[in-house]
Every structure is written in structure tokens, then in C-alpha cells.
Amino acid sequence: MTKFLGNINGDYWVGSKGSSELSHGISILPRSTLGQLEHTAGVSKVTAFVGRQVTFNINGSEAHLYLMGQGQDKVVRPFKIGDGTDRLDQGKVIIDVAFAQKENLKVGDVLSVQGTNLTVSGISRGGNLLVYTYAITTETDARKILNAQDYSNYFIIKTSNSAAGVAAIKANFPNLEV
């Protein structure tokens, strides 16, 4: 998880007040918050993060993944690709090597997640946490599968002036945590 998070090009994560971190906290924010944050002093770029655990069947057995969406800016991306490609198109998914080994999956296999077929296009390394196995698909597919059209979980912030950006977010968004 540390390798994965260190690979994300952002200065800060912004979530709901009380959501201390990605792996243990729950943050649900209106998607419109992105536009508000973009117009905040000291903030140069805002990327929506959407992701949560999904459960689905593989060969009659229950499987669990923490599914994340990758936007066009590719801020959310795998740490390292071990097999296949890091390119994501609609209907594609990158899974972690731990999940691939556990479920005997390879590039080209198809997962049916919440009624959406996702073809494994890559197998990543460095993005697994003991409690969660991560997978990345397009933001469009993730929002559809997670029924997250109107919300994001977190926003990844890049600042032009770190101190000013954090101060402005804290002052203007009291229900958010940086």
C-alpha cells in the first residue's frame, strides 16, 4: 500500500472530516466538491478518487477486491506492472499479483463484477495490503460498478503553494479533512 500511495502524484488527500486514511476511513463527498476545490487559493490541480471494496463470484467462490477508478490524468495508477500493460480502456482492469495468484488469473481473463465484464489487461505489484487486494479500472467503469455517479471518496490535491492551499481548504471547507 505504501508503494502504491507513494506512486500517486499529489501533495494531499482531502476526505470527509473524521476519515483519517484510505485503508480505515470512509469518506463520501459530493462530486461537485471537485470544482469548488479547484477554485481554492494555492490549489493547482484536483483529482477525484473513487474506490471501495466489491464482492463478486469467480468460479462459484466469493472474491473481494478494492476497486479504484483511474481518471484520464492517470494520477491513480499501479505501482509497477509485472505482466500486461498499464494502459486502461473501458472494460479493462489491472489486478494485483496476489489476487491473480490466489484466483489463478492471467492477462486476458474476464471478471464479471456487479454485472460489468472487465478484462484483465495488467497484473501489478506493490499495491496489495494484507486486508485489501487492489484493482484499478477506468473511472467511468468504477463509477458504474460502485454506483458512484454523484460522489467521490477523496480528492487528491496538487498545490502551487502548499501552506496557502492547506490553509484555504481548512478555512473554506470545515467538513473536510486534509
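Note that this is a predicted model, so its numbers are computed, not measured. (Residues numbered from 1 in each chain as written. Predicted model: local features only at pLDDT ≥ 70, side-chain atom pairs only at ≥ 80, totals over all residues. Heavy atoms only, no water.)

Some points on the pattern of salt bridges
Okay, so step 1: Counted under the stated rule, the structure contains six salt bridges.
Okay, so step 2: Linking Asp 89 and Arg 87 is a salt bridge whose minimum nitrogen-to-oxygen distance equals 3.1 Å.
Okay, so step 3: Residue classification places Asp 89 among the partly exposed positions, given a relative accessible area of 33%.
Okay, so step 4: Salt-bridge contacts for Glu 139 lead to Arg 143; the nearest nitrogen and oxygen are separated by 2.9 Å. Residue Glu 139 and its partner Arg 143 are both found in helix α4 (residues 139-146); the two are separated by four residues, about one turn of the helix. Side by side, Glu 139 and Arg 143 carry an identical accessibility label, which is buried. (Salt bridge = Lys/Arg side-chain N within 4 Å of Asp/Glu carboxyl O. Buried < 20%, exposed > 50% of the residue type's maximum accessible area, 1.4 Å probe, protein only. Helix = DSSP H or I, 4+ residues; strand = E, 2+ residues; numbered from the N terminus.)

What to know about the confidence of the model for the chain
Okay, so step 1: Per-residue confidence for the chain gives a mean pLDDT of 89, with 90% of residues at or over 70.
Okay, so step 2: Mean pLDDT values for the elements of the chain range from 57 in helix α1 (residues 2-6) up to 97 in α4. (pLDDT = per-residue confidence, 0-100.)

So, the environment of Pro 78
Okay, so step 1: Mapped onto the secondary structure, Pro 78 falls in the loop between β5 (61-70) and β6 (80-84).
Okay, so step 2: Sequence spacing of Pro 78 and Tyr 134 is 56 residues, and the spatial spacing of their C-alpha atoms is 9.2 Å.

Brief notes about the pairing of strand β7 (residues 92-96)
Okay, so step 1: Within β7, four of the five residues are buried, leaving the element largely enclosed by the surrounding structure.
Okay, so step 2: As paired elements, β7 and strand β9 (residues 116-125) share five bridges and run parallel to each other. Residue pairing in the sheet places Val 93 in a bridge with Val 120 of β9.
Okay, so step 3: Where β7 lies against strand β11 (residues 132-138), three bridges are found, and the strand directions are antiparallel. Bridged to Ile 95 within β11 is Ala 135. (Pairing = 2+ DSSP bridges.)

A short note on unusual backbone geometry
Okay, so step 1: Here Asn 104, not a glycine, exhibits a phi torsion of approximately 55 degrees, which is positive.
Okay, so step 2: Here Asn 104 shows up in the loop between α3 (97-103) and β8 (110-113).
Okay, so step 3: With a phi close to 55 degrees, Asn 147 is a non-glycine residue in the positive phi region.
Okay, so step 4: By secondary structure assignment, the location of Asn 147 is in the loop between α4 and β12 (151-152).
Okay, so step 5: Residue Asn 147 is classed as exposed on the basis of its relative accessible area of 61%.

Let's talk about the nonpolar core
Okay, so step 1: The biggest cluster of nonpolar side chains holds 24 residues, and the ones touching the most others in it are Val 54, Phe 56, Val 93, Ile 95, Phe 99, Leu 111 and Leu 146.
Okay, so step 2: Mapped onto this core, the elements with two or more residues apiece are β4 (51-58), β5, β7, α3, β8, β9 and α4.
Okay, so step 3: Counting residues in hydrophobic clusters, the runner-up holds 13 residues, among them Ile 8, Tyr 66, Met 68 and Val 76. (Core = buried A, V, L, I, M, F, W, Y, C linked by side-chain atoms within 4.5 Å.)

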